[in-house]
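Structural overview
The residues making up each chain are set out below.
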Amino acid sequence: MAPTTTTDSRSGSPTCVARGAPDVAVSFSHVHLYVDAIDDIDTYKNLESQLTEFSSKSINGGDEYQKQTCLDVEKCRELWNSIVRVSTKDSRDSDSGTSNAEAEFVPQNRDVVKQLIAGLGFRVTGKRMAGDGGIESNTRTVLVTSCDPKGVQVVVTALDASSSGTGVTKDKYAHFDAGNLKRFYKAHSNRQGIAVLAFTTSSIDTIYSRYQDLHPKLVTPQSMQIYENGTKVLEVYAYYQGEIRKSDADIGTVLRFVEKDTSCTSDDTMPCLLPGLEPVEAIFDPNAQAAYCDHWVSNVVSRTGFLDTLEETLGFTPKVDFNAGVVAAGEAQIESTVTGNDSLLATTETEVALRDQSQVYLPINNALSDVGHVHGFLKEIGQGIQHVASRVKDLPTFVQRGNDYRRITGEGFTFLNIPRSYYGVLMAKHFVNGIPNVGEGHGPDEEVLSPDCAHAVFEICEKYGIMSSDGAVDLDATRHGILSVLDGKIPARHKQEYDSKKDKVADIILHSRYSNLFSLLRHHLSEESYLKIVRNQILVDVQGEDLLFQIFTSNILQRNVGEEAPFFEFIQRVCSECRETNGCPVAIKPGCGGFGIRNFLTLFLSIEVSKAMLEVSQAKAAGDVDRQTFAQGMVGTFTDQLNESNPILTAISDAMTVEGSLKTQLNRAMAENDDDTVCILRNKLEKASEAKRVGNSKLMECSKKYKERMKALRENS
């Protein structure tokens, strides 16, 4: 493909670029974390052994776990403690695997390798350790993968403490040398982080040539290395410090490209192609799920500059834009664009789509305000990887396992706190007007209960623990338990009315736990599935016939509370099972389910809520009443914005679903030259598009309202 001459929008100068070049092929390979310390392999293997024994004694195989809502934590903790005591009796490392599972989990200063092993069921499958078997290096490295080693690959490297002196031999594999960590730490305020995004490619020479020609400032000093087995490794800096081409390279985050020499024989037992790693035997927990790379997210100064760089070198093109009107929390505003390649994969097999690593998505965020998470990240530690997202087959079960194992073993991950109002809460008006789609027996204008009776029932629910003060109904509540309380506490003056409608009342109370989700998904999920989603605080979105489940961990690689740090995301894409008119399944779309317009805003707001809640607790501990009042106001403002945005986002999502379906029908009608149907569908499509535009306008007004409210709160504090 011949390059195209365009004008750069920032510099005004002509540039020679290869737009959408088909001769460049990349796939996800691995992410490389730089951390403060890595333990001995024996320590990790001991933990893995303990976990494997625990799994075999507590659960009979992976399928058995799927049948359970959650494990009996107290009973399993006793089993875990007994395993740890036995396995560490004769161990010199008396701390191995002996975390106090009953103590409050603290996310800071944790070993991310142990977190991956215990929390997600990953295992150490590769290593490169200074001094191990005569290896000359100044770093220690492990490779951690899920049970499918061709899926997510996390390379973790730390400086070798014994090599801290002068005159230590550099590692012959440049990507493992200590100089990389020192450079990254210096560029990122001495913080740990996700330092490298790595891709496999069969086009490494072309990529190298384009960076040399178009972006020479981004080529690292080690540039391209060719190793003894013929594998080529190219490293380039990911971002400019500011304006594309005019500013210098940001020497923190690196993009790495790895190309295997197919003419050379190599050890296929090594899952990661990165030269220098040695395979390590691993036994995987049968209850753990495989995970696969889905998208990797950057926080940058110049979103458009990074987009242009990726398009000019890799042929990536924008797929989704989230503008400032959508992504706003109080005064905090960002813009985000998802860019990526166009995978050639076409399949109707869900397992093939799950395991595919050829579709690369790179969302890119930039801040538009001087407050908020993205601004804080950039100001505190600089440009870099905000989070990496991996997809799994069954996210609710994946997260339930992670939560259970953390409570049992004291190791793993906590997840971002999502307000219960996202899923649904009980309100007094529900006992008057009902909740849509719950039960039968009353028409649209018919009351369930009179307002006085409804108020009495609502007060009983709060007073006797059926729900919390914010309307969140107990997830373990049962129909029998609810009616037992209400039957015994309802005032005599309301008893006759209540008795005639109490089954309906119980329906409303139980359904309120997930009423917002039900408005999106209807009867596609069972009550058990809805409750598992709410219990584990999973986000849900709909795009056309596809579903997207998402969850975000708390910060990883964080030394101190309140510091900005990266995190992990896990998702499940539930792709449409629609069929063509000939009865054949429709091919699964890459990235089916999208990137969650509802969830994107919820994530943004939830991060701000979590930070404000931390501020509340810190101010309370310090006895700073004014600061505590201000922080509580922030929590209330962000929560109110989330609640007010929720129905607007649902309307936008519904309009997008209709729009997507109509576009599919329109394309089919055009292919069949059915002019009458085309005309009808175009009119319907315009109405759906208008509904989406109206929703976006309402969302922008909502964002503006809470921006002003937050500004007033800050100015009056």
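Looking only at helices and strands, the protein has 19 helices and 20 strands in total. Within the protein, counting contacts between residues at least 6 apart in sequence, those at least 24 apart form 72% of the total. Taken as a whole, the protein presents about 30900 Å² of accessible surface, with 49% of it coming from carbon and sulfur.

With that out of the way, let us pick up the pattern of salt bridges. By the definition in use, this model includes 33 salt bridges. Where salt bridges share partners, they join Asp 294, Arg 391 and Arg 573 into one cluster.

Glancing now at helix 16 (residues 527-535). Every buried residue of helix 16 is accounted for by Tyr 530, Leu 531, Lys 532, Ile 533 and Val 534. Directly after helix 16, the chain includes Gln 537, whose backbone phi takes a positive value near 55°.

Below, the discussion takes up unusual backbone geometry. In this structure, Arg 245 takes a positive phi of about 70° despite not being glycine. Here Arg 245 shows up in the loop between strand 9 (232-237) and strand 10 (254-259). With phi around 55°, Arg 522 is a residue other than glycine that occupies positive phi space. Examined against the element boundaries, Arg 522 turns out to sit in the loop between helix 15 (515-521) and helix 16.

Time to look at the confidence of the model for the protein. On average, the protein scores 86 in pLDDT, and the residues at 70 or more come to 88%. Between residues 1-21, whose pLDDT stays under 50, and residues either more than four places distant or in other chains, the model counts 48 contacts. For residues 92-99, every residue scores under 50 in pLDDT, and the model assigns this stretch 15 contacts once sequence neighbours within four places are set aside.

It is worth spelling out the layout of surface pockets at this point. The space that makes up the largest pocket amounts to roughly 1300 Å³. Taken together, 45 residues line the largest pocket, and the ones lying closest to its centre are Ile 607, Ser 610, Lys 611, Ala 612 and Leu 614. Listing elements by their share of the lining of the largest pocket, those giving two or more residues are helix 9 (373-381), helix 17 (597-622), helix 18 (625-671) and helix 19 (675-715). Looking at the lining of the largest pocket element by element, the count peaks at 11 residues for helix 17. Looking at the lining of the largest pocket, its residues break down into 19 nonpolar, 15 polar and 11 charged.

With that settled, consider the nonpolar core. Core analysis: the largest hydrophobic core is formed by 111 residues, its most contacted members being Val 142, Phe 199 and Phe 257. Those residues within four positions of Val 142 in sequence are excluded, and the remaining contacts are Ile 38, Ile 41, Tyr 44, Val 113, Val 124, Gly 126, Lys 127, Met 129, Val 154, Val 155 and Val 156. The next biggest cluster of nonpolar side chains, apart from the first, holds 28 residues, and it includes Ala 329, Ala 612, Met 634 and Val 635.

A separate point is the state of the cysteines. With the rule as written, the count across this model stands at 1 disulfide. Linked covalently through their sulfurs, Cys 575 and Cys 592 form a disulfide whose S-S length is 1.9 Å. Measuring handedness by torsion sign, the sulfur bridge of Cys 575 and Cys 592 sits at about -70° and is left-handed. One end of the pair, Cys 575, is in the loop between strand 20 (567-574) and helix 17; the other, Cys 592, is in the loop between strand 20 and helix 17, with 17 residues separating them in the sequence.

Before going further, it helps to spend a moment on the environment of Leu 47. Here Leu 47 is to be found in helix 1 (residues 41-58). As for Leu 47 and Ser 87, which are separated by 40 residues in sequence, their C-alpha atoms are 9.5 Å apart.

Turning our eyes to something else, we now look at the pairing of strand 10. Buried residues dominate strand 10, accounting for 6 of its 6 residues. Across the two faces of strand 10 the burial is the same, with Val 254, Arg 256 and Val 258 and Leu 255, Phe 257 and Glu 259 all buried. Alignment of strand 7 (residues 193-201) against strand 10, held across 5 bridges, turns out to be parallel. Each residue of the ladder has a partner; that of Val 196, found in strand 10, is Val 254. Relative to strand 10, strand 9 is paired through 6 bridges, and the arrangement is antiparallel. Counterpart to Tyr 237 in the pairing with strand 10 is Val 254.

A separate point is the pairing of strand 9. Counting buried positions along strand 9 yields 6 of 6 residues, so the element is predominantly enclosed. The antiparallel hairpin formed by strand 8 (residues 219-226) and strand 9 contains 5 residues in its connecting segment, where Gly 230 sits at a positive phi of about 90°.

With that settled, the discussion passes to the packing of helix 1 against helix 10 (residues 395-409). Two numbers describe how helix 1 lies on helix 10: the axes approach to 13 Å, and their chain directions differ by 110°. When the axes of helix 1 and helix 10 are compared, the pair comes out roughly perpendicular. As helix 1 runs across helix 10, the sense of the crossing is right-handed. On helix 10, the residues that touch Leu 51, Phe 54 and Ser 55 of helix 1 are Tyr 405, Ile 408 and Thr 409. Here the residues of the contact of helix 1 with helix 10 sort into 4 nonpolar, 2 polar and no charged.

A few words now on the sheet that holds strand 8. Think of a sheet as strands paired side by side through backbone hydrogen bonds, with each pair either parallel or antiparallel. Strand order across the open sheet formed by 9 strands is 8-9-10-7-3-6-5-4-11, with mixed pairing between neighbours. Among the strands making up the open sheet, the edge pair consists of strand 8 and strand 11 (278-279). Here strand 3 (residues 26-34) pairs with strand 7 via 8 bridges, running antiparallel. Across the sheet, the residue bridging to Phe 28 is Phe 199, located in strand 7. Each of strand 3, strand 5 (139-145), strand 6 (153-159), strand 7, strand 8, strand 9 and strand 10 is contacted by helix 5 (residues 178-187), which is oriented at about 80° to strand 3, the strand it contacts most.

Look at helix 1 against helix 3 (residues 73-87): their axes get within 10 Å of each other, and the N-to-C directions meet at 140°. Comparing their axes, helix 3 and helix 1 come out oblique. Between helix 1 and helix 3 the crossing geometry is right-handed. Where helix 1 approaches helix 3, its residues Asn 46, Leu 47, Gln 50, Leu 51, Glu 53, Phe 54, Lys 57 and Ser 58 are matched on the opposing element by Cys 76, Leu 79, Trp 80, Ile 83, Val 84 and Ser 87. Classifying every residue of the contact of helix 1 with helix 3 gives 8 nonpolar, 4 polar and 2 charged.

A separate point is the packing of aromatic side chains. If you walk through the whole model with that rule in mind, you get 17 aromatic pairs. Look at Phe 54 and Trp 80: their rings are 6.1 Å apart centre to centre, the planes differ by 90°, and that puts the pair in the edge-to-face class. Of the two residues, Phe 54 sits in helix 1 while Trp 80 sits in helix 3, which places them 26 residues apart along the sequence. Of the residues examined, Phe 54 reaches a relative accessible area of 0% and is grouped as buried.

What counts, and where the lines are drawn
- Residues numbered from 1 in each chain as written.
- Predicted model: local features only at pLDDT ≥ 70, side-chain atom pairs only at ≥ 80, totals over all residues.
- Heavy atoms only, no water.
- Helix = DSSP H or I, 4+ residues; strand = E, 2+ residues; numbered from the N terminus.
- Contact = heavy atoms within 4.5 Å.
- Areas by Shrake-Rupley, 256 points an atom, 1.4 Å probe, with all protein chains shown as cover.
- Salt bridge = Lys/Arg side-chain N within 4 Å of Asp/Glu carboxyl O.
- Buried < 20%, exposed > 50% of the residue type's maximum accessible area, 1.4 Å probe, protein only.
- pLDDT = per-residue confidence, 0-100.
- 1 Å grid on protein atoms, 1.4 Å probe; cavity = no way out; pocket = protein on both sides within 12 Å on 5 of 7 lines; lining within 4 Å.
- Points joined across faces, edges and corners; volume = space filled by probe spheres on them.
- Nonpolar A, V, L, I, M, F, W, Y, C, P; charged D, E, K, R; others polar.
- Core = buried A, V, L, I, M, F, W, Y, C linked by side-chain atoms within 4.5 Å.
- Disulfide = S-S within 2.5 Å.
- Pairing = 2+ DSSP bridges.
- Axes fitted to C-alpha atoms, helices over the stretch in contact; angles between N-to-C directions.
- Parallel < 35°, antiparallel > 145°, perpendicular 65-115°, else oblique.
- Left-handed = near helix turned anticlockwise from the far one by under 90°.
- Phe/Tyr/Trp six-rings, centres within 6.5 Å; stacked < 30°, edge-to-face > 60°.

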